[in-house]
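Structural description and commentary
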Amino acid sequence: MGGITFVFAGDFLQTLPVMPKGTRDDGVNACLKSSPIWNYVEKLYLRTNMRVYLCGGDDILPAQLLKIGNGTLENENGYISVNHTIGWVVNNVEELISIVYHDIFNLSNKSYQWLYERAIISPRNVTAGEINDIVLLKLNGHSRFPPHKLKLKIGAPITLLRNLQPPNLCNGTRLQIKSLQNNTIEAVILTGPPKREIAFIPRIPMIPSDLPFSFKRLQFPVKVSFAIAINKAQGQTFKYVGVDLRTECFLHGKLYVSFSRTGDPNHLMIFISTGNITKNIIYSEVL
Ligand SMILES: Nc1ncnc2c1ncn2[C@@H]1O[C@H](COP(=O)(O)OP(=O)(O)OP(=O)(O)O)[C@@H](O)[C@H]1O
């Protein structure tokens, strides 16, 4: 390797690289562990769960999370039963929203921190989108753009979908809308070192990647983010988290990622459409 030292950081309990329409083998093959260089990597381990430690938690939650990640908390059908050592099971999606976004009608009176420290996470973009629509309806004001295009309201959190101006404005950066113009969104950055800085987001040419033919549209590269997909939540830390399990986690590591975004089980609310039992898929070959 020409004497250059590379440092890789990762957690194989978490989701694998996303391979569009990929099989289990495709995901596993894209993982660093499948690379020929893996045998030459010196492994170092970080064993303290800092999220839980900072919340003053004991060893119960970290141990439970590791069991979920390693698949040792499962019963024989690959399902696990969720109890208060992990989080609190709520009765429906409305309850999930009203606990995580308590008093959302008053958003304009809440601090910037209030929005920054909470999120609902969901296995699929479409279910996250449904929750965003429900929460947006609770906010005062009208959507500035025609609803079939993009529903946005002042005060709502948004996530950038493109690298606009690294390092401040990257794919995944969260912001809060301050004002909406026809061709720009004024927003305050919620995440990372530039938090609290004001940014102006323009419409940019975007080419949809999920269609069999390609065309360009001038669009705002943003998505409302009261609720986000689990893959977008990976790497993030929140104080209050709602996990929407109306649909099951369908790939390796998704359940572990969703349950490990906060350090306090009393701040983790979970809605499971099948009671308190949910699927936990683990690919043992990447552990
Ligand atoms: N040594 C530390 N001292 C204080 N806080 C820390 C330390 N390490 C991590 N944290 C805090 O713990 C939280 C998780 O840290 P970080 O995101 O770096 O961990 P991670 O292993 O990448 O997590 P994950 O992969 O699960 O997303 C963050 O809020 C971070 O600020």
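Keep in mind that what you see is a predicted model, and the values were worked out from it rather than measured.

1. Describing the UniProt feature "domain: DNA helicase Pif1-like DEAD-box helicase" (unreviewed entry) in the chain
- With numbering matched to this structure, UniProt assigns "domain: DNA helicase Pif1-like DEAD-box helicase" (unreviewed entry) to residues 2–54.
- Summarising residues 2–54: 21% helix, 0% strand, and an end-to-end C-alpha distance of 40 Å.

2. Considering the side chain of His-252
- Position of His-252 relative to the elements: it lies in the loop between β12 (240–245) and α8 (254–259).
- A polar contact of 2.9 Å, which involves the side chain of His-252, links it to the backbone nitrogen of Tyr-283.
- Once you skip the residues sitting within four places of it in the chain, His-252 turns out to touch Phe-12, Leu-13, Gln-14, Thr-15, Leu-16, Ile-281, Ile-282, Tyr-283, Val-286 and Leu-287.

3. Overview of the layout of surface pockets
- Of the pockets and cavities examined, the second largest pocket occupies roughly 1,700 Å³.
- What lines the second largest pocket is a set of 43 residues, and nearest its centre among them are Ala-9, Gly-10, Asp-11, Phe-12 and Leu-44.
- When contributions to the lining of the second largest pocket are tallied by element, the ones reaching two or more residues are α2 (50–54) and α3 (60–70).
- Here the lining of the second largest pocket gets 4 residues from one element, more than from any other, and that element is α3.

4. Here's the deal with the site of the ligand
- By nearness alone, every residue bordering the ligand is listed as Gln-14, Met-50, Arg-51, Leu-54, Gly-235, Thr-237 and Arg-261.
- Within the contact set of the ligand, an oxygen atom lies 2.8 Å away from a side-chain nitrogen or oxygen of Gln-14.
- Arg-51 places a polar side-chain atom, nitrogen or oxygen, 2.8 Å from an oxygen atom of the ligand.
- For the ligand, the protein covers 44% of the area, taking 620 Å² as the surface of the free molecule.
- A class-by-class count of the residues in the shell around the ligand yields 2 nonpolar, 3 polar and 2 charged.

5. Concerning the environment of Gln-181
- Inspection of the secondary structure puts Gln-181 in the loop between β5 (174–180) and β6 (184–189).
- Look at Gln-181 and you get partly exposed, because its relative accessible area is 39%.
- With 163 residues separating them along the chain, Gln-181 and Val-18 place their C-alpha atoms 34 Å apart.

6. A short note on the sheet that holds strand β13 (residues 268–272)
- Reading across the sheet, the 5 strands line up as β2-β13-β12-β3-β11 and stay open at both edges, with parallel pairing between neighbours. Lying at the two open borders of the sheet, with one neighbouring strand each, are β2 (88–90) and β11 (227–229). Neighbour-to-neighbour, the strand axes of the sheet open up by a mean angle of 30°, direction not taken into account.
- Pairing of strand β3 (residues 118–122) with β11, which is carried by 3 bridges, proceeds in the parallel orientation. Bridge pairing in β11 places Ser-122 opposite Ala-229.
- Here helix α4 (residues 93–100) sits on the sheet and contacts β2, β3, β12 and β13; the angle it forms with β12, its principal contact strand, is near 170°.
- Where helix α6 (residues 125–138) meets the sheet, its contacts fall on β3, β11 and β12, and the angle it forms with β11 comes to roughly 175°.

7. Points about the nonpolar core
- Ranked by internal contacts, the top residues of the largest apolar core, which has 39 residues, are Leu-152, Ile-158, Leu-175, Ile-185, Val-222 and Phe-226.
- By size, the runner-up hydrophobic cluster in this structure holds 25 residues, among which are Leu-61, Val-243, Tyr-256 and Ile-270.

Parameters and conventions
Residues numbered from 1 in each chain as written. Predicted model: local features only at pLDDT ≥ 70, side-chain atom pairs only at ≥ 80, totals over all residues. Heavy atoms only, no water. UniProt positions renumbered as here; feature names shortened; annotations may be inferred. Helix = DSSP H or I, 4+ residues; strand = E, 2+ residues; numbered from the N terminus. Polar contact = N/O pair within 3.5 Å; in protein donor to acceptor, adjacent residues only side chain to side chain. Contact = heavy atoms within 4.5 Å. 1 Å grid on protein atoms, 1.4 Å probe; cavity = no way out; pocket = protein on both sides within 12 Å on 5 of 7 lines; lining within 4 Å. Points joined across faces, edges and corners; volume = space filled by probe spheres on them. Near = heavy atom within 4 Å. Areas by Shrake-Rupley, 256 points an atom, 1.4 Å probe, with all protein chains shown as cover. Nonpolar A, V, L, I, M, F, W, Y, C, P; charged D, E, K, R; others polar. Buried < 20%, exposed > 50% of the residue type's maximum accessible area, 1.4 Å probe, protein only. Pairing = 2+ DSSP bridges. Axes fitted to C-alpha atoms, helices over the stretch in contact; angles between N-to-C directions. Core = buried A, V, L, I, M, F, W, Y, C linked by side-chain atoms within 4.5 Å.

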